[in-house]
Amino acid sequence: MHSAVFFLFCLLPIKGWSQTESAAVNALVEMGFENVACSDEADERVYVLQNSTYRLNGVGIGKAVDVIQKMGLPDKKVCRIIVLDNNIPQISLCYHPIIGDTVPEVERRDWNVSYDLGDSWNAVRKVKKKNSSLFKVDVLVYPQLSFKNMIITQIYQALFDLSPAVEVSFWKGMKLTGQVVIPVYNDGYGVLEEKVHPGHVTVSQSFRLPYNIFGKLTAGFFNAYQYGVDLNLTYRFKDERFSLLGRLGVTGMGYWDGFTFHYDPTMTLTWTMGGSFYWPLYNTQFNLKLEQYLLKEVGVKFEVMRHFRYCTIGFYAVKAKNVNINGGWRFQVALPPYKYKRIKKWPRIMPSNNFGLMYNAGNEQEYYKQYKAEASDNIMKENSFNPYFIKSELLNY
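Model, not experiment: these values are computed from the prediction.

### As for the sheet that holds strand 5 (residues 112-114)
Stage number 1. Read from one edge to the other, the open sheet built from five strands follows the order 1-2-3-4-5, with strand pairing classed as mixed. Strands with a single pairing partner mark the edges of an open sheet, and in this sheet they are strand 1 (34-40) and strand 5. In this sheet, adjacent strand axes meet at a mean angle of 20° when their direction is disregarded.
Stage number 2. Pairing analysis gives seven bridges linking strand 3 (residues 78-85) to strand 4 (residues 88-95), with the strands arranged antiparallel. Its bridge partner lying in strand 4, V83 is registered against I91.
Stage number 3. On top of the sheet, helix 2 (residues 57-71) reaches strand 2 (44-50), strand 3 and strand 4; it is set at about 150° to strand 3, its chief contact.

Okay, structure coming up:
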């Protein structure tokens, strides 16, 4: 009898932990977070999640932190939250309890944000995740605006398209994108742009390697009339303000006449190598790159970008040998609605995450040309998992 009572007594804490973890996981799933899991290891409790509900990652991660603080913190043990993007781990948030601390509850400022995933990642990655993001379809409508000043008697010629894109992932890190460009207004951009035609048609594979190396391999039809293969790599230093940037592309010229594809089999090599520094105080990023462009000219580009919650604003300057210096500005702004939830497994139809423009102040028409490999690539998305930016969002919400 005494043995049975002792056995049941020992099970009580285990049941309590299970209920706490389950309550937090279920709450996150109910809010719309995907790929949610939890593992209670010897040294820390680890939650895994992917923000699929909130337009802004900083806002979404902050909401998840609030739920876990309220429902899922372990007692006198480290708690870690690992944030995924398309099932690939990006950053982790870690809370270290202070023994004997008199503060009645944990606050957002108490979480440390880093690219470090901790020692428990290998264990929690094997745990079955709830509300998987695989095979779920999103239809994102990309508004696209182009304008140019080439005629003395006319201030601007403009092109405006609505370009819905179907995006779906079939396995970890993979994304298939199929986009259709629907012309709305065309003044001076040619007959081809008056026809409905495909936009980005790509398949990509994102990955994370040891030592904080992030990468993405993309193949298909890009913008700027290019098709081919593109590899993008980023290495994050231990001092996370610094990173190395690299890109290699092998592409050919191609265009759509309606839904008929014409292409030149001649392939061109383009590449980028450089470095980046992030100034956390003002959420400002500085990039210096050496690049080869589509006409094989090699140039140096300097970029400075200030990241805000709802937008990113930047300036750039570029110079190649025997080519005039050029520069301009660019911006990216998040589009409403800022919260959206999937209804069961039905496709979601919504505006793209953000809208951007790049202004060519030097009016250069031939040189310094590049392409965008995937429809969703932009300067705002590239910064969306920056630990310093996420930390500032947690503090300023």
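### Details of the environment of E240
Stage number 1. By secondary structure assignment, the location of E240 is in the loop between strand 11 (226-236) and strand 12 (242-257).
Stage number 2. Between the C-alpha atom of E240 and that of V36, which follows or precedes it by 204 residues, the distance is 26 Å.
Stage number 3. Engagement of the side chain of E240 in a polar contact is seen with the backbone nitrogen of Y115, the distance being 2.9 Å.

### Topic: the environment of G220
Stage number 1. Among the structural elements, G220 can be located in strand 10 (residues 213-221).
Stage number 2. Take G220: its relative accessible area is 26%, and that puts it in the partly exposed class.
Stage number 3. With 17 residues separating them in the primary sequence, G220 and V203 have C-alpha atoms 6.5 Å apart.
Stage number 4. Once you skip the residues sitting within four places of it in the chain, G220 turns out to touch V201, T202, Q226, Y227 and G228.

### Focus on the pattern of salt bridges
Between side chains of opposite charge, pairing is possible as soon as their charged atoms come close.
Stage number 1. This structure, assessed with the given rule, holds 21 salt bridges.
Stage number 2. The shortest N-O distance in the salt bridge between E107 and R109 comes to 3.0 Å.
Stage number 3. On the basis of relative accessibility, which here comes to 54%, the residue R109 falls in the exposed class.
Stage number 4. One salt bridge connects K301 with E291, and the closest N-O pair in it is separated by 3.7 Å. A residue pair is termed long-range when its members are at least 10 positions apart, and K301 in strand 15 (residues 298-307) and E291 in strand 14 (residues 284-292) qualify at 10 residues.

### Quick look at the side chain of H197
Stage number 1. Its place among the elements puts H197 in strand 9 (residues 197-209).
Stage number 2. One polar contact links the side chain of H197 to the main-chain carbonyl oxygen of K195, over a distance of 2.8 Å.
Stage number 3. If we skip the residues at most four places from it in the chain, H197 touches V180, V181, L192, W256, G258 and F259.

### Focus: helix 2
Stage number 1. For helix 2, which comprises 15 residues, the first-to-last C-alpha distance of 21 Å matches the rise-based estimate of 21 Å (1.5 Å per residue) to within 8%.
Stage number 2. Of all 15 residues in helix 2, 11 are buried; the element is thus mostly enclosed.
Stage number 3. When helix 2 is considered as a whole, its buried residues turn out to be N57, G58, V59, G60, I61, G62, A64, V65, V67, I68 and Q69.

### A look at the nonpolar core
Stage number 1. Judged by nonpolar contacts, the single largest core of 33 residues is most densely connected at L28, L49, I68, I81, I91, L93 and W111.
Stage number 2. Sorting elements by how many residues they give to this core places helix 2 first, with six residues.
Stage number 3. The residues touching L49, leaving out its near neighbours within four places in the chain, are L28, F33, E34, N35, V36, A64, I68, I81, I82, V83 and L84.
Stage number 4. With eight residues, the next largest nonpolar core counts A37, L84, W121 and V124 among its residues.

### Side note on the confidence of the model for the chain
Stage number 1. Scored by pLDDT, the chain comes out at a mean of 92, with 94% of its residues at no less than 70.
Stage number 2. Throughout residues 3-17 the model reports pLDDT below 50, and contacts reaching past four residues in sequence, or to other chains, amount to four contacts.

### Observations regarding the packing of aromatic side chains
The relation between two aromatic rings is expressed through the spacing of the ring centres and the mutual angle of the planes.
Stage number 1. Here the structure, examined in full by the defined rule, presents 22 aromatic pairs.
Stage number 2. Between F221 and F261 the ring centres are 5.5 Å apart and the planes differ by 85°, which places this aromatic pair in the edge-to-face class. Note that F221 is positioned in strand 10 and F261 in strand 13 (residues 260-279), a separation of 40 residues in sequence.
Stage number 3. The exposure class assigned to F261 is partly exposed, which follows from its relative accessible area of 30%.
Stage number 4. Between the aromatic rings of Y235 and F237, the centroid separation amounts to 4.9 Å while the plane-to-plane angle is 70°, which identifies the pairing as edge-to-face.
Stage number 5. A network of ring pairs unites the aromatic residues F147, Y156, W329, F331 and Y359 as a single cluster.

Basis of the calculations
Residues numbered from 1 in each chain as written. Predicted model: local features only at pLDDT ≥ 70, side-chain atom pairs only at ≥ 80, totals over all residues. Heavy atoms only, no water. Pairing = 2+ DSSP bridges. Helix = DSSP H or I, 4+ residues; strand = E, 2+ residues; numbered from the N terminus. Axes fitted to C-alpha atoms, helices over the stretch in contact; angles between N-to-C directions. Contact = heavy atoms within 4.5 Å. Polar contact = N/O pair within 3.5 Å; in protein donor to acceptor, adjacent residues only side chain to side chain. Buried < 20%, exposed > 50% of the residue type's maximum accessible area, 1.4 Å probe, protein only. Salt bridge = Lys/Arg side-chain N within 4 Å of Asp/Glu carboxyl O. Expected span 1.5 Å × (residues − 1). Core = buried A, V, L, I, M, F, W, Y, C linked by side-chain atoms within 4.5 Å. pLDDT = per-residue confidence, 0-100. Phe/Tyr/Trp six-rings, centres within 6.5 Å; stacked < 30°, edge-to-face > 60°.

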